[in-house]
Protein chains: 2
Amino acid sequence: MTSEADPRFLRSREAILNAARELLLEGGPAAVTHVQVAGRAGVGRATVYRHWPRAELLLVEAMATVPMPFLDKPTVPTRAWLRLELTAIARQLDLDDVRAVSTTLANSALWDQNMDARRAQFADILANRLAGALDDAQARGEITLTLTSRDAAAMAIGPIYYRSTIERAPTDPSLIEAAIAALGTWSTDQ
Amino acid sequence: MTSEADPRFLRSREAILNAARELLLEGGPAAVTHVQVAGRAGVGRATVYRHWPRAELLLVEAMATVPMPFLDKPTVPTRAWLRLELTAIARQLDLDDVRAVSTTLANSALWDQNMDARRAQFADILANRLAGALDDAQARGEITLTLTSRDAAAMAIGPIYYRSTIERAPTDPSLIEAAIAALGTWSTDQ
């Protein structure tokens, strides 16, 4: 569509995605409707319908504007990196927008293919990055893994995710230490 | 309301709750509307509106008809009981209805007080039952806990919950063993 490159549409696009994200945070995924988004963004409904024929597509795109925790850039020693990264994930999961996006992904993915693709992508990135860092740590002799490195994401992130989304409480350092210890036998106390 | 005791309403009530549960499983929480539920249950819309003025209340009640995993009736040794119970939770989380209810609870609780009350109740029951069993195991000398017994639910159930709802894959026995081992130092290999 040529209109995608239209500078007026680019401004509207940003307003529409911001409105959709705000509505998600205020009222949940069901609040992200064409009518409400158009009203909040101050654009015509036709514009929203034309670019996002289904409200779910708009929701997926608006959710992608929330920065999610991703276990970026492993450093050595792996144990110290993991402690910092899991602490960062726990803090991010205390934020309303990250909690809204992650639970909406897990829920909507059961019925919406686009959401499911985002969920799978998110899970794969976390699992692969963690596996990469742990395989490297094992090769360096820093850890002898108890689980396969692909199983480590559920063991390391699962307790924090459950604490945040089911128990709705902050993660204390002791839970993070226990999750790290559960990955295998660490050769250092770093 | 006297109509609550009306046998005709009791039959309608069951049909309405079944319809709401089916709609949730087929299309997610947004599919549970007064109009769709009335159509599916074969009752008048007015009946649904009268008894459940808000669709969210109907959804909460319909979700309560799905049997959820609850760590019931601890037996000794605790480690063997825990292995059986966590395996049962993992199998239940493989079921579409349990996955739908648990992710809908975690998501909707962010915006709906009734859902949040159910979420809190669910989390508390699991945490208290597990804490009771682990405190007893520690008193008997079966385990020296690494975490407080209240932290154990996130450590034991979190990995299975993440595996099921974010990674959407079955939980293997090795993940359950690692979660059990992470709770503390067990005195036996049972």
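Residues numbered from 1 in each chain as written. Chains lettered and ligands numbered in written order. Predicted model: local features only at pLDDT ≥ 70, side-chain atom pairs only at ≥ 80, totals over all residues. Heavy atoms only, no water.

Section: helix α9 (residues 173-181) of chain A
Buried residues of α9(A): A:Leu175, A:Ile176, A:Ala178, A:Ala179 and A:Ile180, and no others. On its buried face, α9(A) sits against α5 (78-92), α8 (152-165) and β2 (184-186) of chain A together with α8 (152-165) of chain B. (Buried < 20%, exposed > 50% of the residue type's maximum accessible area, 1.4 Å probe, protein only. Helix = DSSP H or I, 4+ residues; strand = E, 2+ residues; numbered from the N terminus. Contact = heavy atoms within 4.5 Å.)

A look at the packing of aromatic side chains
Residues and elements named next belong to chain A. For the coordinates displayed, the defined rule picks out 7 aromatic pairs over all chains. Each ring, one from Phe9 and one from Trp52, has its centre 6.3 Å from the other, and the planes form 40°; the classification is tilted. Taken as a pair, Phe9 in helix α1 (residues 7-27) and Trp52 in the loop between α3 (45-51) and α4 (55-63) lie far apart in primary sequence, 43 residues in all. With respect to burial, Phe9 and Trp52 carry one shared label: buried. (Phe/Tyr/Trp six-rings, centres within 6.5 Å; stacked < 30°, edge-to-face > 60°.)

Some points on the pattern of salt bridges
All names here are of chain B. Tallied over the entire structure, the rule returns 32 salt bridges over all chains. The salt bridge partner of Glu22 is Arg40, with a shortest N-O separation of 2.7 Å. Separated by 18 residues along the polypeptide, Glu22 in helix α1 (residues 7-27) and Arg40 in helix α2 (residues 34-41) bring together distant segments of the chain. When its relative accessible area of 35% is taken as the criterion, Glu22 is described as partly exposed. One salt bridge in this structure joins Arg54 and Asp112, with 3.0 Å as the shortest N-O distance. (Salt bridge = Lys/Arg side-chain N within 4 Å of Asp/Glu carboxyl O.)

Observations regarding the relation of the copies chain B and chain A
Superposing chain B onto chain A takes a rotation of 180° combined with a translation of 0.0 Å along the rotation axis, leaving an RMSD of 0.0 Å. Both copies are brought into coincidence by an operation consistent with a two-fold rotation axis. Among all residues of chain B, the minimum C-alpha distance to the rotation axis is found for B:Gly158, at 2.2 Å. By residue overlap, the copies meet face to face through one surface: 100% of the interface positions of chain B are interface positions in chain A. (Least-squares fit on C-alpha atoms with pLDDT ≥ 70 in both.)

Overview of the domain arrangement of chain A
Where interface size is given, it is often the accessible area lost as the parts come together that is meant. Residue and element names in this part refer to chain A. Partitioning chain A into domains gives domain 1 (7-62) and domain 2 (78-186). Relative placement of domain 1 and domain 2: their C-alpha centres are 30 Å apart. Across the boundary between the two partners, domain 1 contributes 8 residues, which contact 9 residues of domain 2. Summed over both partners, the interface of domain 1 with domain 2 buries about 650 Å², with 75% contributed by carbon and sulfur atoms. In terms of surface lost to domain 2, no three residues of domain 1 exceed Leu24, Leu25 and Val60, which account for 59% of the buried area on that side. If you look at where domain 1 meets domain 2, you find 1 salt bridge. (Domains from an automatic or database assignment. Buried area = accessible area lost by both parts, 1.4 Å probe.)

Focus on the interface of chain B and chain A
Facing 44 residues of chain B, the contacting portion of chain A comprises 44 residues. Taken over both partners, the interface formed by chain B and chain A buries close to 3,500 Å², and the fraction arising from carbon and sulfur atoms is 65%. Broken down residue by residue, the surface that chain B buries against chain A is led by B:Trp111, B:Tyr162 and B:Ile166, which jointly contribute 20%. The closest approach of N and O atoms between A:Arg168 and B:Asp116, which form a salt bridge, is 3.6 Å. Inspection of the region where chain B meets chain A yields 12 residue pairs in polar contact (both at pLDDT 80 or more). Each residue belonging to the side of chain B that touches chain A can be placed in one class, and the counts come to 25 nonpolar, 9 polar and 10 charged. (Polar contact = N/O pair within 3.5 Å; in protein donor to acceptor, adjacent residues only side chain to side chain. Nonpolar A, V, L, I, M, F, W, Y, C, P; charged D, E, K, R; others polar.)

A few points about unusual backbone geometry
Of the consecutive residues A:Val76 and A:Pro77, the connecting peptide bond is found in the cis state with omega at 0°. By the element assignment, A:Pro77 lies in the loop between α4 and α5. Positive phi, close to 45°, is recorded for B:Lys73, a residue that is not glycine. Of note, B:Lys73 is situated in the loop between α4 (55-63) and α5 (78-93). Positive phi values are uncommon outside glycine, yet B:Arg168 reaches one of about 50°. Among the structural elements, B:Arg168 can be located in the loop between α8 and α9 (173-181).

Looking at the environment of A:Ala62
Residue and element names in this part refer to chain A. Here Ala62 is to be found in helix α4. On the basis of relative accessibility, which here comes to 1%, the residue Ala62 falls in the buried class. Distance in space between the C-alpha atoms of Ala62 and Arg21 is 5.3 Å, their sequence separation being 41 residues. Excluding anything up to four places from it in sequence, Ala62 contacts Leu17, Ala20 and Arg21.

Overview of the side chain of B:Glu142
Residues and elements named next belong to chain B. Considering the arrangement of structural elements, one finds Glu142 in the loop between α7 (113-139) and β1 (143-145). A relative accessible area of 4% places Glu142 in the buried class. A distance of 3.0 Å separates polar atoms of two side chains, one belonging to Glu142 and the other to Arg140. Ignoring sequence-local partners within four residues, the contact set of Glu142 consists of Pro77, Thr78, Arg79, Ala137, Thr185, Trp186, Ser187 and Thr188.

With respect to the packing of α4(A) against helix α7 (residues 113-139) of chain A
Residue and element names in this part refer to chain A. One way to put it is that α4 packs onto α7 with a least axis distance of 9 Å and a crossing angle of 20°. Looking at the two axes, α4 sits roughly parallel to α7. Of the residues in α7, those in contact with Glu56, Leu57, Leu59, Val60 and Met63 of α4 are Asn114, Met115 and Arg118. For the contact of α4 with α7, the residue count by class is 5 nonpolar, 1 polar and 2 charged. (Axes fitted to C-alpha atoms, helices over the stretch in contact; angles between N-to-C directions. Parallel < 35°, antiparallel > 145°, perpendicular 65-115°, else oblique.)

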